[in-house]
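Chain by chain, the residues:
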Amino acid sequence: MYFGTLNTMRTLISAGFLLLLASSSAQNANNTNANWGAGTLGGGLQMGFPTGDFKARFGETIYGLSANVALPLRRLPLQIGYDFGWGRMGAESELPSNSGGIFGTPTGPKVEVRSSVYDHLGLVRLNPSQGRYRPYGDLLVGMRHFVTRSTLTTPSQDTEEEKTTNVVSSYGWAVGVMVGITGNFYAEARVERLYTGRVEYVDVGSIEIANDGTVTYDKLTSNVDVINVQLGVGFRF
(Lines give C-alpha, C1' and ligand atoms only; values in the text may rest on other atoms or scores of the structure.)
Protein backbone atom coordinates (compact mmCIF):
# COMPACT_ATOMS: atom_id res chain seq x y z
CA MET A 1 0.00 0.00 0.00
CA TYR A 2 2.89 2.37 0.77
CA PHE A 3 4.46 1.82 -2.64
CA GLY A 4 1.07 2.17 -4.30
CA THR A 5 0.71 5.62 -2.81
CA LEU A 6 4.13 6.64 -4.10
CA ASN A 7 3.28 5.38 -7.60
CA THR A 8 0.06 7.40 -7.57
CA MET A 9 1.93 10.54 -6.52
CA ARG A 10 4.50 10.02 -9.27
CA THR A 11 1.72 9.72 -11.85
CA LEU A 12 0.00 12.91 -10.65
CA ILE A 13 3.26 14.86 -10.58
CA SER A 14 4.19 13.74 -14.10
CA ALA A 15 0.73 14.53 -15.46
CA GLY A 16 0.74 18.01 -13.93
CA PHE A 17 4.22 18.74 -15.25
CA LEU A 18 3.28 17.65 -18.79
CA LEU A 19 0.11 19.76 -18.67
CA LEU A 20 2.09 22.84 -17.63
CA LEU A 21 4.63 22.12 -20.39
CA ALA A 22 1.87 21.90 -23.01
CA SER A 23 0.34 25.22 -21.95
CA SER A 24 3.72 26.96 -21.95
CA SER A 25 4.51 25.57 -25.40
CA ALA A 26 1.29 27.11 -26.69
CA GLN A 27 2.29 30.43 -25.13
CA ASN A 28 5.70 30.21 -26.77
CA ALA A 29 4.14 29.49 -30.16
CA ASN A 30 2.20 32.75 -29.88
CA ASN A 31 5.34 34.71 -28.95
CA THR A 32 8.22 33.80 -31.22
CA ASN A 33 10.37 36.58 -29.75
CA ALA A 34 10.22 35.19 -26.21
CA ASN A 35 13.62 34.97 -24.55
CA TRP A 36 13.89 31.90 -22.33
CA GLY A 37 17.64 32.30 -21.92
CA ALA A 38 18.02 33.71 -18.39
CA GLY A 39 19.60 31.53 -15.74
CA THR A 40 18.84 32.06 -12.04
CA LEU A 41 20.75 31.78 -8.77
CA GLY A 42 18.89 32.10 -5.48
CA GLY A 43 19.04 31.22 -1.83
CA GLY A 44 17.51 31.92 1.56
CA LEU A 45 15.97 30.45 4.69
CA GLN A 46 14.32 27.05 4.92
CA MET A 47 11.93 25.30 7.30
CA GLY A 48 11.46 21.53 6.98
CA PHE A 49 8.28 19.84 8.24
CA PRO A 50 8.58 16.03 8.60
CA THR A 51 5.69 13.91 7.32
CA GLY A 52 4.64 10.28 7.68
CA ASP A 53 6.95 8.03 9.71
CA PHE A 54 9.51 10.83 9.96
CA LYS A 55 6.94 13.01 11.73
CA ALA A 56 5.94 10.17 14.07
CA ARG A 57 9.53 9.26 15.00
CA PHE A 58 11.35 12.59 14.83
CA GLY A 59 8.64 15.22 14.57
CA GLU A 60 10.67 18.43 14.99
CA THR A 61 10.75 21.33 12.55
CA ILE A 62 14.15 21.51 10.83
CA TYR A 63 15.53 25.03 10.36
CA GLY A 64 18.27 25.79 7.85
CA LEU A 65 19.30 27.30 4.54
CA SER A 66 18.64 26.59 0.87
CA ALA A 67 20.09 27.51 -2.51
CA ASN A 68 19.41 26.62 -6.13
CA VAL A 69 20.81 27.39 -9.55
CA ALA A 70 19.02 26.81 -12.86
CA LEU A 71 20.47 27.09 -16.38
CA PRO A 72 18.44 27.51 -19.59
CA LEU A 73 17.95 24.93 -22.34
CA ARG A 74 18.28 27.14 -25.43
CA ARG A 75 14.97 28.93 -26.19
CA LEU A 76 12.74 26.39 -24.43
CA PRO A 77 10.93 27.29 -21.19
CA LEU A 78 12.89 24.50 -19.47
CA GLN A 79 15.90 24.75 -17.18
CA ILE A 80 18.18 22.22 -15.53
CA GLY A 81 20.02 22.82 -12.31
CA TYR A 82 20.94 21.92 -8.75
CA ASP A 83 19.06 22.38 -5.49
CA PHE A 84 20.89 22.38 -2.14
CA GLY A 85 19.48 22.36 1.37
CA TRP A 86 20.96 22.27 4.86
CA GLY A 87 19.03 21.85 8.09
CA ARG A 88 20.00 21.55 11.75
CA MET A 89 18.25 18.57 13.33
CA GLY A 90 19.63 19.18 16.81
CA ALA A 91 22.69 19.99 18.89
CA GLU A 92 24.09 19.42 22.37
CA SER A 93 27.18 20.81 24.10
CA GLU A 94 29.05 20.41 27.37
CA LEU A 95 31.40 23.17 28.56
CA PRO A 96 34.62 22.29 30.40
CA SER A 97 34.63 22.38 34.18
CA ASN A 98 37.27 24.51 35.98
CA SER A 99 39.36 24.44 39.12
CA GLY A 100 37.16 26.98 40.88
CA GLY A 101 36.60 30.73 40.76
CA ILE A 102 35.81 33.02 37.86
CA PHE A 103 39.33 32.77 36.46
CA GLY A 104 39.79 29.08 37.19
CA THR A 105 41.70 26.89 34.73
CA PRO A 106 39.54 24.46 32.69
CA THR A 107 40.08 20.89 33.85
CA GLY A 108 37.81 18.97 31.48
CA PRO A 109 37.05 18.75 27.76
CA LYS A 110 34.56 20.79 25.78
CA VAL A 111 32.22 18.59 23.77
CA GLU A 112 29.87 19.63 20.95
CA VAL A 113 27.46 17.33 19.12
CA ARG A 114 25.66 18.57 16.00
CA SER A 115 23.24 16.63 13.82
CA SER A 116 22.40 17.96 10.34
CA VAL A 117 20.85 16.94 7.04
CA TYR A 118 22.14 17.99 3.61
CA ASP A 119 20.01 17.77 0.45
CA HIS A 120 21.71 17.39 -2.94
CA LEU A 121 19.14 17.32 -5.74
CA GLY A 122 19.18 17.71 -9.50
CA LEU A 123 16.23 19.59 -10.96
CA VAL A 124 14.33 20.05 -14.20
CA ARG A 125 12.36 23.30 -14.10
CA LEU A 126 9.44 24.47 -16.18
CA ASN A 127 9.60 28.28 -16.08
CA PRO A 128 7.23 29.58 -18.78
CA SER A 129 6.64 33.16 -17.63
CA GLN A 130 9.00 36.06 -18.30
CA GLY A 131 7.08 38.83 -16.54
CA ARG A 132 7.62 40.34 -13.10
CA TYR A 133 5.79 37.38 -11.50
CA ARG A 134 7.33 34.09 -12.57
CA PRO A 135 5.70 30.91 -11.26
CA TYR A 136 7.59 27.68 -11.92
CA GLY A 137 7.54 23.96 -11.21
CA ASP A 138 10.44 21.57 -10.56
CA LEU A 139 10.97 17.82 -10.72
CA LEU A 140 13.71 16.73 -8.29
CA VAL A 141 15.91 13.67 -7.85
CA GLY A 142 19.04 13.13 -5.77
CA MET A 143 20.00 12.22 -2.21
CA ARG A 144 19.72 13.31 1.43
CA HIS A 145 22.83 13.07 3.62
CA PHE A 146 22.43 12.77 7.41
CA VAL A 147 25.52 13.71 9.43
CA THR A 148 26.20 13.75 13.19
CA ARG A 149 29.54 15.21 14.33
CA SER A 150 30.94 14.90 17.86
CA THR A 151 33.87 17.26 18.52
CA LEU A 152 35.97 17.07 21.71
CA THR A 153 38.31 19.94 22.57
CA THR A 154 40.81 19.45 25.42
CA PRO A 155 42.07 22.28 27.71
CA SER A 156 45.27 22.30 25.61
CA GLN A 157 43.08 22.95 22.50
CA ASP A 158 43.68 19.54 20.91
CA THR A 159 40.60 18.30 19.08
CA GLU A 160 39.12 14.95 18.19
CA GLU A 161 36.14 14.42 15.90
CA GLU A 162 33.85 11.47 15.34
CA LYS A 163 31.32 11.47 12.51
CA THR A 164 28.29 9.29 11.75
CA THR A 165 26.80 9.53 8.26
CA ASN A 166 23.96 7.96 6.30
CA VAL A 167 22.80 8.64 2.75
CA VAL A 168 19.39 7.90 1.22
CA SER A 169 18.04 8.53 -2.28
CA SER A 170 15.25 11.06 -2.68
CA TYR A 171 12.89 12.43 -5.32
CA GLY A 172 10.03 14.90 -5.37
CA TRP A 173 8.67 18.14 -6.74
CA ALA A 174 8.60 21.84 -5.97
CA VAL A 175 6.52 24.85 -6.94
CA GLY A 176 7.55 28.45 -6.47
CA VAL A 177 7.24 32.01 -7.65
CA MET A 178 9.87 34.67 -8.34
CA VAL A 179 8.82 38.30 -7.94
CA GLY A 180 10.99 40.96 -9.58
CA ILE A 181 12.39 43.58 -7.19
CA THR A 182 14.65 45.72 -9.36
CA GLY A 183 16.77 44.97 -12.40
CA ASN A 184 17.70 41.29 -12.37
CA PHE A 185 17.07 40.82 -8.65
CA TYR A 186 14.01 38.99 -7.35
CA ALA A 187 12.37 37.62 -4.19
CA GLU A 188 11.38 33.97 -4.16
CA ALA A 189 8.90 31.77 -2.28
CA ARG A 190 9.06 28.01 -2.77
CA VAL A 191 7.47 24.82 -1.42
CA GLU A 192 9.31 21.54 -1.87
CA ARG A 193 7.97 17.99 -1.29
CA LEU A 194 10.56 15.21 -0.95
CA TYR A 195 9.95 11.45 -0.81
CA THR A 196 12.57 8.94 0.36
CA GLY A 197 13.18 5.39 1.46
CA ARG A 198 14.15 4.34 4.99
CA VAL A 199 17.36 5.50 6.64
CA GLU A 200 18.98 5.35 10.09
CA TYR A 201 19.67 8.69 11.81
CA VAL A 202 20.56 9.96 15.27
CA ASP A 203 17.81 10.53 17.83
CA VAL A 204 18.95 13.98 18.94
CA GLY A 205 16.76 13.82 22.04
CA SER A 206 18.80 10.87 23.32
CA ILE A 207 22.23 12.53 23.10
CA GLU A 208 24.10 12.37 26.42
CA ILE A 209 27.55 13.74 27.22
CA ALA A 210 29.42 12.31 30.22
CA ASN A 211 31.84 14.28 32.40
CA ASP A 212 34.81 12.64 30.68
CA GLY A 213 33.55 13.73 27.24
CA THR A 214 32.07 10.39 26.22
CA VAL A 215 29.07 10.81 23.90
CA THR A 216 26.22 8.31 23.66
CA TYR A 217 22.98 8.42 21.66
CA ASP A 218 20.29 6.18 20.21
CA LYS A 219 19.33 5.89 16.56
CA LEU A 220 15.97 5.91 14.80
CA THR A 221 14.97 4.27 11.52
CA SER A 222 12.19 5.60 9.28
CA ASN A 223 11.54 7.26 5.97
CA VAL A 224 12.55 10.92 5.96
CA ASP A 225 9.79 12.47 3.87
CA VAL A 226 9.60 16.23 4.34
CA ILE A 227 7.91 19.41 3.14
CA ASN A 228 10.38 22.29 2.87
CA VAL A 229 9.18 25.89 2.83
CA GLN A 230 11.77 28.34 1.50
CA LEU A 231 11.94 32.15 1.36
CA GLY A 232 14.84 33.97 -0.23
CA VAL A 233 16.26 36.26 -2.88
CA GLY A 234 18.23 35.77 -6.08
CA PHE A 235 19.27 37.21 -9.40
CA ARG A 236 18.98 36.37 -13.09
CA PHE A 237 22.06 36.17 -15.28
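The rules behind these values
All residue numbers here refer to positions counted from 1 along the written sequence of the relevant chain. Thresholds applied to this predicted model are a pLDDT of at least 70 for local features of residues and 80 or more for the giving and counting of side-chain atom pairs; totals over whole chains, interfaces and linings are not thresholded and use all residues. Hydrogens and waters are ignored; side-chain quantities use all the structure's heavy atoms. The term salt bridge refers to a side-chain nitrogen of Lys or Arg lying within 4 Å of a carboxyl oxygen of Asp or Glu. Helix and strand definitions here come from DSSP, where helices need a minimum of 4 consecutive H or I residues and strands a minimum of 2 consecutive E residues; each element is numbered from the N-terminal end. Classification of residues uses two cut-offs on accessible area relative to the type maximum, computed with a 1.4 Å probe and protein chains only: under 20% is buried, over 50% is exposed, and between them is partly exposed. Definition of a polar contact: a pair of N or O atoms within 3.5 Å, with one able to donate and the other able to accept a hydrogen when the atoms are protein atoms, and with sequence-neighbouring residues admitted only if both atoms are side-chain atoms. Scored from 0 to 100, pLDDT reflects the predictor's confidence in each residue. Here a residue-residue contact requires only that any non-hydrogen atoms of the pair lie within 4.5 Å.

Asks: Account for the pattern of salt bridges, naming residues and giving values.
Replies: Considering all chains together, one arrives at eight salt bridges under this definition. In this structure, R190 and D83 form a salt bridge, with 3.7 Å as the shortest nitrogen-oxygen distance. One end of the pair, R190, is in strand 7 (residues 185-196); the other, D83, is in strand 3 (residues 78-94), with 107 residues separating them in the sequence. Judged on exposure class, the residue R190 and its partner D83 are both buried. When the shortest N-O distance is used, the salt bridge between R190 and E192 registers 2.9 Å. Accessibility expressed as a relative area gives 1% for E192, which makes it buried.

Asks: Give a description of the side chain of T164 that names residues and reports values.
Replies: For T164, the location among the structural elements is in strand 6 (residues 159-182). Taking the relative accessible area as the measure of exposure, T164 reaches 17% and is therefore buried. In terms of polar contacts, T164 uses its side chain to reach the side chain of Y217, at 3.0 Å.

Asks: I'd like a rundown of the confidence of the model for the chain, residues and numbers included.
Replies: As a note on interpretation, predicted positions should not be read in detail where pLDDT is low. Model confidence for the chain is summarised by a mean pLDDT of 82, while 79% of its residues fall at 70 or above. Within the model, the stretch residues 1-6 combines pLDDT values under 50 with five contacts to residues more than four positions away or in other chains. Every residue in residues 15-36 scores below 50 in pLDDT, and together they form 28 contacts with partners more than four places removed in sequence or on other chains.

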